[in-house]
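# Structural overview for review
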Amino acid sequence: MALIRLGFERQHLCLLKRRSSLLLKLTAVVFAVLLFCEFLIYYLVIFRCDWPEVKTPAHDSGQKTLKAMFLADTHLLGEVRGHWLDKLRREWQMERAFQTSLWLLQPEVVFILGDIFDEGKWSSSQAWADDVARFQKIFRHPRHVQLKVVAGNHDIGFHYQMSTYKIKRFEKVFNPERLFSWKGMNFVLVNSVAQEGDGCHICSEAEAELIEISHKLNCSREERGPGPCRGAPLLPASAPVLLQHFPLFRRSDANCSGEDAAPLEERAIPFKERYDVLSREASQQLLWWLRPRLILSGHTHSACEVLHGAGVPEISVPSFSWRNRNNPSFIMGSMTPTDYALAKCYLPYENTVLATYCVAAGLLVVLILVHSGLLPSPLLFGWNLLRKFKTT
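Residues numbered from 1 in each chain as written. Predicted model: local features only at pLDDT ≥ 70, side-chain atom pairs only at ≥ 80, totals over all residues. Heavy atoms only, no water.

For clarity, the cut-off: UniProt positions are given in the numbering used here, feature names are shortened, and annotations may be inferred rather than shown by experiment.
Per an unreviewed UniProt entry, the protein chain carries the name Metallophosphoesterase 1 and comes from Zalophus californianus. Recorded in UniProt under Cofactor (unreviewed entry), the annotation for the protein chain is "Mn(2+)". Per UniProt, the protein chain carries the Sequence similarities (unreviewed entry) text "Belongs to the metallophosphoesterase superfamily. MPPE1 family."

Now the structure itself:
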């Protein structure tokens, strides 16, 4: 009787060891996959990005180089269309991507080119406050890093939805500064939603503000003396970089290329003025008033590079979120008052992360089946197959 009891206890102890071993293996696999997919992959991917070099090094010309990040269309979901799982997945992706980029790349200023929120155009006061709190958590940054934001149609509504209340609410959170000068460079942050040109009160105010900025920039390029520029604020003489949400007018994305351009079947679809892009008139006005050396915009969620007027380049920055793209990215700019160099930094692909999880799930199933005896051990199966091959 004692022998039977001893044998039962040994069998029970062996079973417990096997179960503990299985649980340990499963835990190790789950932990390793989570660590890789939710943390390490961002470091491995973004570590490959590097700041581009300007043709004339800043130290050779006595100029200072500014390291700037440009990203667009984060589209933080709100209470109406935001499913909790979608929020959790996409917002965690953006938070890890942004925080990893700050740590690895050490930018001095970050520009977000509109559509920060998805439901700002109709959100209630409480929903807006909740969305802002989530934004500030995701895009938190050290004090020495400046964060500049322009408004998009999802933040304040399209022209027919836009109101003074929504604009003031947006500007209360994000500095309404339209002209930002640093290290001898000028950046003009345009509320492109208000560039409708129909004489509306908000549009007229926005145009008057841009005309005043144009006057200041023109005066910075001229010799000081008697005349309209006398007493004007002294700005760097550098031609400005124009930052806005809507792209300037172009017919379509037919001439755009690259892995993060719009899908081939969508590139030839004509753009609608004042909806997909600014009108011809508004685009020509901005080029005439500001005479920029570079334009960066968002809104389309896809990459594109076009030339306007006398060869002024415009870069459409793809969306930063997995919700809009499988391969999100941002632009890195090394800038001096007379030159600049741009490079693109891709973030982890969403399908890569999903595929990793699928492979891990398959591995867990195999481990469970092997442990339960429903599937022979792959190592044992391979060894027996090798022995069988040798004997023949």
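## Let's talk about the pairing of strand β1 (residues 66-71)
To be explicit about the condition: Using a 1.4 Å probe on the protein chains alone, a residue whose accessible area is under 20% of its type maximum counts as buried, one over 50% counts as exposed, and one in between counts as partly exposed. Note on conventions: DSSP H or I runs of at least 4 residues are helices, E runs of at least 2 residues are strands, and numbering of each starts at the N terminus. DSSP-based pairing: two strands are paired if at least 2 bridges between them are found. For a crossover, the right-handed case is the one in which the path from the first strand over the helix to the second runs clockwise, viewed with the strands pointing away from the viewer.
Most of β1 is tucked away, with 5 of its 6 residues classed as buried. Pairing geometry for β1 and strand β10 (residues 329-335), over 5 bridges, is antiparallel. For A68, the partnering residue across the bridge sits in β10 and is G333. Here β1 runs beside strand β2 (residues 109-113); their pairing, made up of 4 bridges, is parallel. Residue pairing for β2: F70 is matched across the bridge by F111. Each parallel crossover has a hand, and the one from β1 via helix α3 (residues 84-105) to β2 is right-handed.

## Topic: a nonpolar patch on the surface
Condition: Residues enter a patch when their relative accessible area is above 30% and they make no salt bridge; the linking distance is 9 Å between like charges and 5 Å between nonpolar side chains (Val, Leu, Ile, Met, Phe, Trp, Tyr). Note that accessible areas follow from Shrake-Rupley with a 1.4 Å probe, and for residues the cover is restricted to the protein chains shown. Only one rule defines a salt bridge in this text: a Lys or Arg side-chain nitrogen within 4 Å of an Asp or Glu carboxyl oxygen.
Together, F31, L35, F39, L40 and L44 line one region of the surface with nonpolar side chains, adding up to about 480 Å² of accessible area. Mapped onto the elements, L35 comes out in helix α1 (residues 2-46).

## Quick look at the sheet that holds β2
The cut-off we apply is this: Axis definition: a line fitted to C-alpha atoms, limited for helices to the stretch in contact. Angles are taken between N-to-C directions and run from 0 to 180 degrees.
In space, the 5 strands of this open sheet follow the order β3-β2-β1-β10-β11, with mixed pairing throughout. Every interior strand has two partners, whereas the edge strands, β3 (146-150) and β11 (340-346), have only one. Across the sheet, the mean angle separating the axes of adjacent strands is 20 degrees when strand polarity is ignored.

## Structural notes on the packing of aromatic side chains
Both the distance between ring centres and the angle between the ring planes are used here to describe each pair of aromatic rings. We count it as follows: Ring geometry is summarised as follows: Phe, Tyr and Trp rings, the Trp one being its six-membered ring, pair when their centres sit within 6.5 Å, and such pairs are stacked at plane angles under 30 degrees, edge-to-face over 60 and tilted between the two. Either the NZ atom of lysine or the CZ atom of arginine qualifies as a charge over a ring when it sits within 6 Å of the ring centre and within 35 degrees of the ring normal.
One pass over the full model with this rule turns up 19 aromatic pairs. Plain terms: the ring middles of F320 and F330 are 6.2 Å apart, the flat faces sit at 55 degrees to each other, and that makes the pair tilted. Within this pair, whereas F320 is found in the loop between β9 (312-316) and β10, its partner F330 is found in strand β10, the two being separated by 10 residues in sequence. The exposure class assigned to F320 is buried, which follows from its relative accessible area of 0%. By relative accessible area, which is 0% here, F330 ends up buried. The side chain of R96 reaches across the aromatic face of W92, ending 5.6 Å from its centre. Over the face of the ring belonging to W182 we find K183, whose NZ or CZ atom lies 6.0 Å from the ring centre.

## Remarks on the sheet that holds strand β5 (residues 185-189)
What counts here: For this analysis, residues touch if any pair of their heavy atoms sits within 4.5 Å.
Read from one edge to the other, the open sheet built from 6 strands follows the order β4-β5-β6-β7-β9-β8, with strand pairing classed as mixed. Only two strands of the sheet have a single neighbouring strand rather than two, namely β4 (179-182) and β8 (304-308). Neighbour to neighbour, the strand axes of the sheet diverge by 20 degrees on average, direction disregarded. Packed on one face of the sheet, helix α7 (residues 201-220) meets β4 and β5 and runs near 170 degrees to β5.

## A closer look at the pattern of salt bridges
Enumeration over the complete set of coordinates arrives at 18 salt bridges. Salt-bridge contacts for K148 lead to E177; the nearest nitrogen and oxygen are separated by 2.8 Å. With K148 in strand β3 and E177 in the loop between α6 (164-173) and β4, this residue pair connects regions lying 29 residues apart in the sequence. Taking relative accessible area as the criterion, K148 reaches 10% and is therefore assigned buried.

## Quick notes on the environment of L287
The residue L287 is located in helix α9 (residues 280-290) in this model. L287 has contacts with L248, P292, I295 and H308, leaving out every residue within four places of it along the chain.

## With respect to empty space enclosed by the protein
The following threshold applies: Here a cavity denotes a set of grid points, spaced 1 Å apart and computed over the protein atoms alone, in which a 1.4 Å probe fits but from which it cannot get out, and a pocket denotes an open set meeting protein on both sides within 12 Å along at least five of seven lines; residues with an atom within 4 Å of a point are reported as lining. Grid points are joined across faces, edges and corners, and a volume is the space filled by probe spheres set on the points. Any residue outside Ala, Val, Leu, Ile, Met, Phe, Trp, Tyr, Cys, Pro, Asp, Glu, Lys and Arg is labelled polar, Gly included; the first ten of those are nonpolar and the last four are charged.
Within this structure, the stated rule accounts for 3 cavities of 30 Å³ or more. One number sums up the size of the largest cavity: a volume of about 110 Å³. Together, 14 residues line the largest cavity, and A151, F170, E171, R178 and N191 are the ones closest to its centre. Listing elements by their share of the lining of the largest cavity, those giving two or more residues are β3 and α6. Counting residues per element, the lining of the largest cavity draws most heavily on α6, which supplies 3 residues. Its residues assigned to classes, the lining of the largest cavity shows 10 nonpolar, 2 polar and 2 charged. Together, F158, H159, S192, V193, Q195, E196, F246, R274 and L278 line the second largest cavity. Grouping the constituent residues of the lining of the second largest cavity by class yields 4 nonpolar, 3 polar and 2 charged.

## Section: the layout of surface pockets
Looking at the largest pocket, its volume works out to about 370 Å³. Along its surface, the largest pocket is lined by 19 residues, and E266, F271, D276, H299 and T300 are the ones closest to its centre. Counting residues per element, the ones that place at least two in the lining of the largest pocket are α5 (153-156) and α8 (264-267). Looking at the lining of the largest pocket residue by residue, the class counts come to 7 nonpolar, 7 polar and 5 charged. By volume, the second largest pocket is sized at about 280 Å³. The wall of the second largest pocket is formed by 17 residues, among which I167, E171, R178, E205 and E209 lie closest to the centre. No other element matches α7, which puts 7 residues into the lining of the second largest pocket. For the lining of the second largest pocket, the residue count by class is 8 nonpolar, 4 polar and 5 charged.

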